[in-house]
Amino acid sequence: MKCLVIADHRAFYGIFARSAGSLVEPHYWLEKGARTPYPELEHVFRGDPADPATYAGFDSAEEHAVVLYFQTRAEAERVARAVEKALPRAWVLFLGLDETVPDAGARPHARVRTLEEVIGGRIADEVRALLARSRVEQLREIFAGAGKVGVLLQPDPDPDAIASGLCFRNLIGRNRTTAPLLTFGAVTRPENREMLRLLDITVETIAPEALAAFERLACIDVQPSVFGDRLGGREVDAVIDHHPEQPGYRARFRDIRASYGATATILTEYLRAADFEINQKQATALLYGIKSDTLNLDRECAIADMDAFQYLYARANLNLVRRMEKPAIPRDSLRRFGAALERLEIENGISFAFLGEVEREDVIPQLAEFLLQVEGAEWSVAAGVVGGRVVASLRNAGFGKSAGDAARRAFGELGSAGGHRSMAKAVIPLDRFVQEFGGADEKAVRRAFVDRLHAEVAPAPAAPVSAPAEAAEAPSHG
Ligand SMILES: [Mn+2]
């Protein structure tokens, strides 16, 4: 199949020759007497492009691919008519701006694409990289030549915070001594501790007073307002975060992108824009940060997150990511799983198991994941008692009603409850739970979670008396 490229813009030939030229055998139209503008243009043909005779050198019985790019729609259509007359079996691709390409519906054999669609995203990427580059320069200026830099993360740093803190430090050319990762709390979740161990990252717990020793301070994946008065009204040197913008603090540098799924995406953009040689440890940390903050891009995220994900995926150690995502289950927990599974019951599509009193909270979501795989389960709930609180993890297959909304409506008044579309959590103080449900033994916990969840997610309008008011009203809203 030969390809005819017909454009009234010479630069287009250069772009075509260097991008698509190797896919097809292109023949470029030139005006009579016009010089070949690029050495790559091997085959050219000449004449009036709106005259069918110009195409006499091509076999009309053959199929041809024809690419048209004209500054006006009228000219594009005139040329298309001539081509179609001379080469009835031609397939035409119109490129141009919205107002210079014909209506796609009117030409079933043609493909109509605007440059906005084809290269608009690429141009936006370049502009984004340019902005990122200038931000990186600003950051480097702020932190260059300063004494110790504190990289302050949230009170229980998660993978996104840890990865972003690490890469921020690397970006400004520091190490763990001159720019330690700090928290007022500690990294508590076992999978996050596993991340620190596997990637050899340290997060130091610090008291607010000790911050005075740091000449510069950056808040990463968190904004200063979260810390209340623990920063003592101090101006922060940089804030990089993706949570909604909060008022009430001063910062020399601020990059808040609430549409992003992860701060790690912002740091990935910085590193790329600065032509930083990203190493495997950084890529692994950032990838895990994005995966965990966006639930594997399942939760609300931006094109930028997917873009960063794709870039990091090729550079990360995926084995380590898997080990961090699925931390080893302790033997003791496995025995408890066994005992809980013995008594597993599925009611109304809800698979429920109770672990009783447990020491480590992370075994509850692990069990909930597993329960969702049980035949007949559309929802799963795993519950246990941890440190004077009843903790439950809810899961669903990801379609139907949102787990986070259901948890919040059913248990929000009793404690803290919420989450995302397919996973949620409820934490209720033990005394409050007993007061509401008359006990915290397996039977009471089962009735509490299975009944309330059923009332929230069941399609039938019948809601039990114990359900909150919104639940009883819900069916009337469809
Ligand atoms: Mn985050």
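Residues numbered from 1 in each chain as written. Predicted model: local features only at pLDDT ≥ 70, side-chain atom pairs only at ≥ 80, totals over all residues.

(A) Representation of the environment of histidine 242 in the model. Mapped onto the fold, histidine 242 is located in the loop between β11 (236-241) and β12 (251-256). Along the backbone, histidine 242 and isoleucine 256 are 14 residues apart, and their C-alpha atoms lie at a distance of 5.4 Å. In contact with histidine 242, not counting residues within four places along its chain, are Arg257, Ala258, Tyr260, Ala262, Thr263 and Ile266. (Helix = DSSP H or I, 4+ residues; strand = E, 2+ residues; numbered from the N terminus. Contact = placed C-beta atoms within 7 Å.)

(B) Quick look at the sheet that holds strand β14 (residues 350-357). Strand order in this open sheet of six strands is β13-β14-β15-β16-β18-β17, and the pairing throughout is mixed. With partners counted over all chains shown, the strands left at the sheet margins are β13 (345-347) and β17 (416-419), one partner each. Averaged over all pairs of adjacent strands, the angle between strand axes in this sheet comes to 20°, irrespective of strand direction. Sheet analysis places strand β15 (residues 379-386) next to strand β16 (residues 389-396), joined by eight bridges and oriented antiparallel. The residue bridging valine 386 from the neighbouring strand is arginine 389, located in β16. Together, β14, β15 and β16 form the strand contacts of helix α11 (residues 363-371), whose direction differs from that of β15 by roughly 160°. (Pairing = 2+ DSSP bridges. Axes fitted to C-alpha atoms, helices over the stretch in contact; angles between N-to-C directions.)

(C) Geometry of unusual backbone geometry. Located in the positive-phi region is aspartate 221, a residue other than glycine, with phi close to 65°. The residue aspartate 221 is located in the loop between β10 (216-220) and β11 in this model. A residue is classified by how many C-beta atoms lie within 10 Å of it, and aspartate 221, with 29 of them, is buried. Backbone geometry at aspartate 275 places phi at a positive 55°, although glycine is not the residue there. Inspection of the secondary structure puts aspartate 275 in the loop between α6 (263-273) and α7 (280-293). (Buried ≥ 20, exposed ≤ 12 C-beta atoms within 10 Å, placed from the backbone.)

(D) Structural view of helix α4 (residues 159-171). Taking 1.5 Å as the rise per residue, α4 with 13 residues should run 18 Å; its terminal C-alpha atoms sit 18 Å apart, in good agreement. Counting buried residues in α4 gives eleven out of 13 residues, a clear majority hidden from the surface. (Expected span 1.5 Å × (residues − 1).)

(E) Quick look at the confidence of the model for the protein chain. Averaged over all residues, the pLDDT of the protein chain equals 91, while 95% of them reach at least 70. Low pLDDT, under 50, characterises residues 467-478; the predicted model gives this stretch 13 contacts beyond four residues in sequence or across chains. (pLDDT = per-residue confidence, 0-100.)

(F) Region of interest: the sheet that holds strand β4 (residues 64-69). Strands sit in the order β3-β2-β1-β4-β5-β6 across an open sheet of six strands; the sheet is parallel. Here the strands that pair on one side only, and so sit at the sheet edges, are β3 (43-46) and β6 (110-114). The sheet shows a mean angle of 20° between the axes of neighbouring strands, direction not considered. Relative to strand β5 (residues 90-96), β4 runs parallel, the two being bridged by six bridges. Paired with valine 66 across the two strands is valine 92, which belongs to β5. The strands that helix α1 (residues 10-19) touches are β1 (2-7), β2 (25-30) and β4; relative to β1, the one it contacts most, it runs at about 155°. Relative to the sheet, helix α3 (residues 115-143) contacts β5 and β6, its axis offset from that of β6 by approximately 40°.

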